[in-house]
Amino acid sequence: MSYLALARKYRPRKFEDVMGQGHVVKALSHALDGDKLHPAILLTGTRGVGKTTLARIIAKCLNCDTGVSADPCNVCSACREVDEGRCVDLLEIDAASNTGVDDVRQVIENAQYAPARGRYKVYLIDEVHMLSKSAFNALLKTLEEPPPHVKFILATTDPQKLLVTVLSRCLQFNLKRLPVSVIRDQLAKVLDDEAVAYEIAALTEIARSADGSMRDGLSLVDQAIAFSGGQGLKREGVEEMLGTTGRQTLFEILAALAGGDPDALLACIQRLEEQAPDYGALLNDLAGHLQRIAVLQLLPNARAEDDDAALVELKDRLGREDVQLYYQIAVLGRRDMPWAPDPRMGFEMTLLRMLAFRPGSAPAQSAGSTPQARSAPAAAGGGRAASAAPAAPTAAPSMAPAAVAAAPARSPPPSILLRPDAAWDERVEALGLDGFTKPLARNCVWSGREGSTVSLTLDSRLKHLLQESRRTAIEQALSAQLGEPIRLQIEIATAPVADTPVELDKQRATDRQRNAEAAIDADPVVRAFKDMFGATVRPGSVQPLDS
């Protein structure tokens, strides 16, 4: 007899054997015990989590000779035919190979006939998202009102590609990715039954590489058994087979970073280079280790059985800020790796960044490059006093109070000289206003001055800009500009104002545009093109030079 793969040999035969999908098994069991199973079921989830397995168990539950229940006997002819893949009432259709509407029409026509032996005819359509849109539309009516003896079980790894009209006609169950511990424990049971020696660490490596898929885990066990040559599954051999031999070295790298030891870090990099690993995968693993360390630091009760002892030890040696920074550097290094000269250099540069940039550390500064030496006083005559002052230690981030008191006050910027009869738009530009205060001033016009009272008129369309704090700011700036205290009054005009600084700027821009277009029209070259070729100047293409 030919060898049977472990994934097929140990496929669950009943609901209680299905691992990690209790929420789906519970709902299906209750429905089957009352013979109230929905006519159309959609099973979603990643590859190898049990979609096809659950569909076959449902087929056995529906057609078992002992009656419809959630516990098939697995010994009657109907159950054995399903397990052996020769049940005529279980039709498994690969939607990836039968995508057309003609294939779906054939299914619909055959569904009208009664089952050959059992109570129900079960259609299992795998990878149903591969069906064409026309095929989906042809199936809609049958999914909504199937014959009483027909059950549809749809399975897909990509439910987002299904039409909403299909989803609304199905009872959807989402199968979860299996945790590492569940896959590892199941692999241990399988190897015990197969009488194959193993190390738990080796099974943990396989379970991690399975990425939530039990079938992938069993396939990797098949590969590991062949790789070991009957010597049992050991961690070193499994790591060599999977190409993850550098995972343990990552803990040594993190220990070297925790101790700030560049020599140890270089030794780890050289050891990795001899193993020729996948540097991209190593950076992913490094980021995963750092994420797990961060979880253990903030949530000590979150420790799991499969956490490496070296990882748990590192949580006390690495600072929390260091872990956050290292994680960010690892993620960015993984992103930038395709642009590195080669993967090894990208990986090495990422580790060097982690070693060079540490929270709270400052780069060494050469003599004469201290902050005190670089920040010479701006006031004239202050250089001699500053040179006579003793240099402060570089570790002190702030100046002493006495030094602050002795520092010369920063003089305000020189004001713009204005003519006594300067227009309001010139004065506004020289006031140095910012924020919404400047638009308020630019939309006003000078109404006049009586003694110490200055009156402005605000455009009625911008009255929402008038606030007391902004009026006070303009009053203070205008007092400083005029050299005497003044009182500012702002009144709202009853009609739009035409000579505000804003309107004047618009008028100047319009005049510049008109002059530019006139200059183009008067250009002899342009006129020659118009006369000889009937050329025209494209509207909007003439732009005046900034004055």
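Counting of residues starts from 1 at the beginning of each chain's written sequence and follows it residue by residue. Per-residue local features are limited, in this predicted model, to residues with pLDDT of at least 70; the limit for side-chain atom pairs, both in listing and counting, is 80 or more; totals at the level of whole chains, interfaces and linings are taken over all residues. Hydrogen atoms and water are omitted, and side-chain values are computed over all heavy atoms in the structure.

Asker: Help me understand the overall build of the protein, please; the structure alone is not making it clear to me.
Answerer: Each helix corresponds to a stretch of at least 4 residues labelled H or I by DSSP, and each strand to a stretch of at least 2 residues labelled E; elements are numbered beginning at the N terminus. Counting its regular elements, the protein contains 25 helices and 8 strands. Considering the protein as a whole, with its 547 residues, one finds that 39% of them fall into the buried category. If you take every contact in the protein between residues at least 6 apart in sequence, the share linking residues at least 24 apart comes to 70%. Accessible area of the protein: about 31,100 Å², with a carbon and sulfur share of 53%. For every residue, the accessible area (1.4 Å probe, protein chains only) is compared with the maximum for its type, and the residue is labelled buried under 20%, exposed over 50%, or partly exposed between those bounds. Residue contacts follow a heavy-atom distance rule, with two residues in contact if any of their heavy atoms lie within 4.5 Å. Computed with a 1.4 Å probe, the accessible areas rest on the Shrake-Rupley method; for each residue, only the protein chains presented here act as cover.

Asker: Would you take a moment to explain helix α17 (residues 343-356) for this structure?
Answerer: Because the α-helix completes a turn every 3.6 residues, residues three or four places apart line up on one side. Each residue after the first adds 1.5 Å to the expected span of a helix. Given a rise of 1.5 Å per residue, 14 residues ought to cover 20 Å, and the 20 Å separating the end C-alpha atoms of α17 matches this to within 8%. For α17, the complete set of buried residues consists of G346, F347, T350, L351, M354 and L355. For α17, the secondary structure elements touched by its buried residues are α12 (247-259), α13 (262-275), α14 (279-298) and α16 (320-336). Contacts described as polar in this section are N or O atom pairs within 3.5 Å, which, within protein, must combine one atom able to donate a hydrogen with one able to accept it, while residues neighboring in sequence count only if both atoms come from side chains. A distance of 3.0 Å separates the backbone nitrogen of R344 from a side-chain oxygen at the start of α17, and that oxygen is part of D342.

Asker: Just checking my understanding: could you explain the pattern of salt bridges for this structure?
Answerer: Think of it this way: side chains of opposite charge can pair up when their charged atoms draw near. The rule for a salt bridge is simple: a side-chain nitrogen of Lys or Arg has to be within 4 Å of a carboxyl oxygen of Asp or Glu. If you walk through the whole model with that rule in mind, you get 35 salt bridges. Close ionic contact of D316 with K315 constitutes a salt bridge, the shortest N to O distance being 3.1 Å. The exposure class of K315 is partly exposed, given its relative accessible area of 23%. Salt bridges here are not isolated pairs; linked through shared partners, they connect D425, E429, K438, R442, D505 and R508.

Asker: Looking at this structure, I do not really get the packing of aromatic side chains. What am I missing?
Answerer: When we look at a pair of aromatic rings, we describe it by the centre distance and by the angle of the planes. To pair, rings of Phe, Tyr and Trp, with the six-membered ring standing in for Trp, must have centres within 6.5 Å; the planes then decide the type, stacked if under 30 degrees apart, edge-to-face if over 60, and tilted in the middle. Counted under the stated rule, the structure contains 4 aromatic pairs. With 5.4 Å between their ring centres and 20 degrees between their planes, Y123 and F152 make a pair best called stacked. Note that Y123 is positioned in strand β3 (residues 121-126) and F152 in strand β4 (residues 150-156), a separation of 29 residues in sequence. Overall, the relative accessible area of 1% leaves Y123 in the buried class.

Asker: Would you mind showing me how to read a nonpolar patch on the surface here?
Answerer: A cluster of nonpolar side chains, V525, F529, M532 and F533, forms an exposed patch at the surface whose accessible area comes to about 480 Å². Assignment of secondary structure puts F533 in helix α25 (residues 524-533). Look at F533 and you get exposed, because its relative accessible area is 59%. Surface patches are defined over residues having more than 30% relative accessible area and no salt bridge, joining like charges when they lie within 9 Å and nonpolar side chains (Val, Leu, Ile, Met, Phe, Trp, Tyr) when within 5 Å.

Asker: I would appreciate a short explanation of the sheet that holds β3 in the present structure.
Answerer: Remark on secondary structure: sheet strands pair via backbone hydrogen bonds, oriented parallel or antiparallel. When DSSP finds at least two bridges between two strands, those strands are taken to pair. Taken in spatial order, the 5 strands of this open sheet run β2-β3-β4-β1-β5, and their pairing is parallel. With one partner strand each, in any of the chains shown, β2 (90-94) and β5 (171-174) form the two edges of the open sheet. Direction aside, the axes of adjacent strands within the sheet are offset by 20 degrees on average. Bridge count for β3 against β4 is 6 bridges, and the pairing is parallel. Bridged to Y123 within β4 is F152. Packed onto the sheet, helix α2 (residues 22-33) meets β1 (40-44) and β5 and runs at close to 150 degrees relative to β5. Along the sheet, helix α5 (residues 101-111) contacts β2, β3 and β4; its crossing angle with β3, the most-contacted strand, is approximately 165 degrees. Think of each axis as a best-fit line through the C-alpha atoms, taken over the contacting stretch in the case of a helix, with angles from 0 to 180 degrees between the N-to-C directions.

Asker: Which parts of the structure should I look at to understand the sheet that holds strand β8 (residues 487-492)?
Answerer: Read across the sheet, 3 strands follow the order β6-β7-β8 without closing on themselves; strand pairing throughout is mixed. Edge positions in the open sheet fall to β6 (444-450) and β8, since each of these has one partner strand only. On average, adjacent strands in this sheet sit at an angle of 25 degrees to one another, irrespective of strand direction. In the sheet, strand β7 (residues 453-458) pairs with β8 via 6 bridges, with the strands oriented parallel. Across the sheet, the residue bridging to L456 is I490, located in β8.

Asker: I tried to follow the nonpolar core on my own but got confused; where do I start?
Answerer: Taken as a class, soluble globular proteins show a tendency for nonpolar side chains to be buried jointly. Counting 32 residues, the largest nonpolar core has I253, L257, L265, L286, F347, L351 and M354 as the members making the most contacts within it. If sequence neighbours within four positions are ignored, L265 has contacts with I253, A256, L257, L351 and L355. V24, L54, V82 and L90 belong to the second-largest nonpolar core, a separate cluster that totals 29 residues. Residue types Ala, Val, Leu, Ile, Met, Phe, Trp, Tyr and Cys, when buried and joined through side-chain atoms within 4.5 Å, form a set referred to as a nonpolar core.

Asker: Honestly, the side chain of T350 in this entry has me stumped. Any pointers?
Answerer: As for its placement among the helices and strands, T350 is situated in helix α17. Overall, T350 belongs to the buried group, its relative accessible area being 1%. Setting aside its immediate chain neighbours within four residues, T350 contacts L283, I329, A330 and G333.

Asker: I keep staring at the environment of I206 and nothing clicks. Help me out?
Answerer: The topology assignment puts I206 in helix α9 (residues 200-210). Sequence separation between I206 and L242 is 36 residues, and the spatial gap between their C-alpha atoms is 8.1 Å. When near neighbours in sequence (up to four residues on either side) are disregarded, I206 contacts L187, G217, L220, V221, A224, L233, V238 and L242.

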